[in-house]
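Structural characterization, general
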Amino acid sequence: MSTSVAAVAAGFSRDLEADLAQVETLTAQARARGVSVLALPEACLGGYLSALGRGRDGTHDEAPDSLPPVLELDGPELRRVAAAAREMTLVVGFCEADGPRRYNSAAVVSGEGVLGVHRKVHQPLGEDLHYEAGEDLRAFDTPAGRVGALICYDKAFPESARALALDGAGIIACISAWPASRTATAGSIVEDRWTHRFNIFDQARALENQVVWLASNQAGTFGSLRFVSHAKVVGPGGDVLASTGADAGMAVATLDVDDVLGTARRSMFHLGDRRPELYDYDRVAAHA
């Protein structure tokens, strides 16, 4: 059965009420287009960091001027997202509270509430100064089937998406606040080298796992960061089915998820043709 899936490129800020209103508006727009799974950007509830810190080489003397608000899983904000979701499945980014710890998290939400949470596992640049790292990679059952979530830099590590695909995810939503390069910057977002990497990762992760891939992203600027947008839907053959390009907007594609997965995996099934007994990194390192 055909359904529509979508990913958003949009800007969000520290104004939580404005963020929630924008999530509700985008959800209503997606529902009008028949969307069943909608990926919203990383940190769409409360905004992302306004700067990425010094970096590993110490070349940038930057610190965020504020931090995102900390939200509870059972708090009013995510209950409001669930009310907006109704029959749809939404993936939203927020700063999660767990006692004194803060996590950069993605909640998979339907009208039933929070169905699962992914805490960002891989932390770029100075993000570890403000968040704990997640320690789990798994998919979640939703009204739209089994869905996995990743956050931004997680997509640079093939093992992340592979873990979700092996856990049965037919759809993986990677939500991002992916900025343009801080060095050797391009005048055009389209020509920026970090835009290039963002797009390559999306297509590679979809193709190697033969999944439907939703890539959302922040758009515009926040603090010292300029985001690359390029929200997209990628099919299991690595083909971009819809994209916002360098603009804010919503990328929507209509497809029969089970059918396109079956077709992609019929002759060459990447997950089934694996040789995991050979992928022992410790053994390989010992023979290097």
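Details of the structure are given in the entry above.
These lines cover the structure that appears in this document, whether it is placed above or below.

Our next topic: the overall build of the protein chain. Along its length, the protein chain carries six helices and 16 strands. Against the globule reference of 19 Å for 288 residues, the protein chain gives a C-alpha radius of gyration of 18 Å, in line with a compact fold. In terms of principal-axis extent, the alpha carbons of the protein chain reach across some 55 × 50 × 40 Å. In the protein chain, buried positions account for 52% of the 288 residues. In the protein chain, the proportion of contacts linking residues at least 24 apart, taken out of those at least 6 apart, comes to 65%. When the accessible area of the protein chain is evaluated, it comes to approximately 12,300 Å², of which 51% is carbon and sulfur surface. For the protein chain, the centre of its 27 positive side-chain charges and the centre of its 38 negative side-chain charges are spaced 3 Å apart.

Backbone geometry places R86, a non-glycine residue, at a positive phi of 50 degrees. Assignment of secondary structure puts R86 in the loop between α2 (76–85) and β4 (89–98). Notably, S229 is not glycine yet its phi reads approximately 60 degrees, a positive angle. In this structure, S229 sits in the loop between β13 (225–226) and β14 (232–234). By relative accessible area, S229 is classed as buried at 2%.

The next thing to look at is the environment of T89. Here T89 lies in strand β4. The spatial distance from the C-alpha of T89 to the C-alpha of V37 is 4.8 Å, given a sequence separation of 52 residues. Ignoring sequence-local partners within four residues, the contact set of T89 consists of S36, V37, L38, V108, V109, T142, P143 and A144.

Let's shift gears to the packing of aromatic side chains. Taken as a whole, this structure holds three aromatic pairs when the rule is applied. Centre to centre, the rings of Y153 and F157 are 5.1 Å apart; their planes meet at 85 degrees, and the pair counts as edge-to-face. Consider the rings of W178 and F201, whose centres lie 6.1 Å apart with planes at 65 degrees: the pair is edge-to-face. Linking W178 in the loop between β9 (171–175) and α4 (193–209) with F201 in helix α4, this pair joins segments that are 23 residues apart in sequence. A relative accessible area of 22% places F201 in the partly exposed class. Members of the aromatic cluster, connected to one another through ring pairs, are W178, F198 and F201. The residue whose ring lies beneath R119 is Y103, and the NZ or CZ to ring-centre distance is 3.9 Å. We note K155 situated over the ring of F198; from NZ or CZ to the ring centre the distance is 3.5 Å.

Cut-offs applied
Numbering of residues begins from 1 in every chain and follows the order in which that chain's sequence is written. Thresholds applied to this predicted model are a pLDDT of at least 70 for local features of residues and 80 or more for the giving and counting of side-chain atom pairs; totals over whole chains, interfaces and linings are not thresholded and use all residues. Hydrogens and water are ignored here; the side-chain numbers use all heavy atoms of the structure. Runs of H or I in DSSP of at least four residues are treated as helices and runs of E of at least two as strands, each being numbered from the N terminus. Each radius of gyration reported is based on C-alpha atoms, and the globular scaling rule is 2.2 Å times the count of residues to the power 0.38. The buried label goes to any residue with under 20% of its type's maximum accessible area, the exposed label to any with over 50%, and the partly exposed label to all in between, with areas taken from a 1.4 Å probe on protein chains only. Only heavy atoms enter the contact rule, under which two residues are in contact if any of them lie within 4.5 Å. Only the protein chains shown count as cover for residues, and all accessible areas are computed by the Shrake-Rupley method using a 1.4 Å probe. Note on charges: Lys and Arg go in the positive column, Asp and Glu in the negative column, and His and the chain ends are not counted at all. Charge positions come from single atoms, namely NZ of Lys, CZ of Arg, CG of Asp or CD of Glu. Side-chain rings of Phe, Tyr and Trp (the six-membered ring for Trp) are treated as a pair once their centres are within 6.5 Å; stacked means planes under 30 degrees apart, edge-to-face means over 60, and tilted covers the remaining angles. Any Lys NZ or Arg CZ that is within 6 Å of a ring centre and within 35 degrees of that ring's normal is treated as a charge sitting over the ring.

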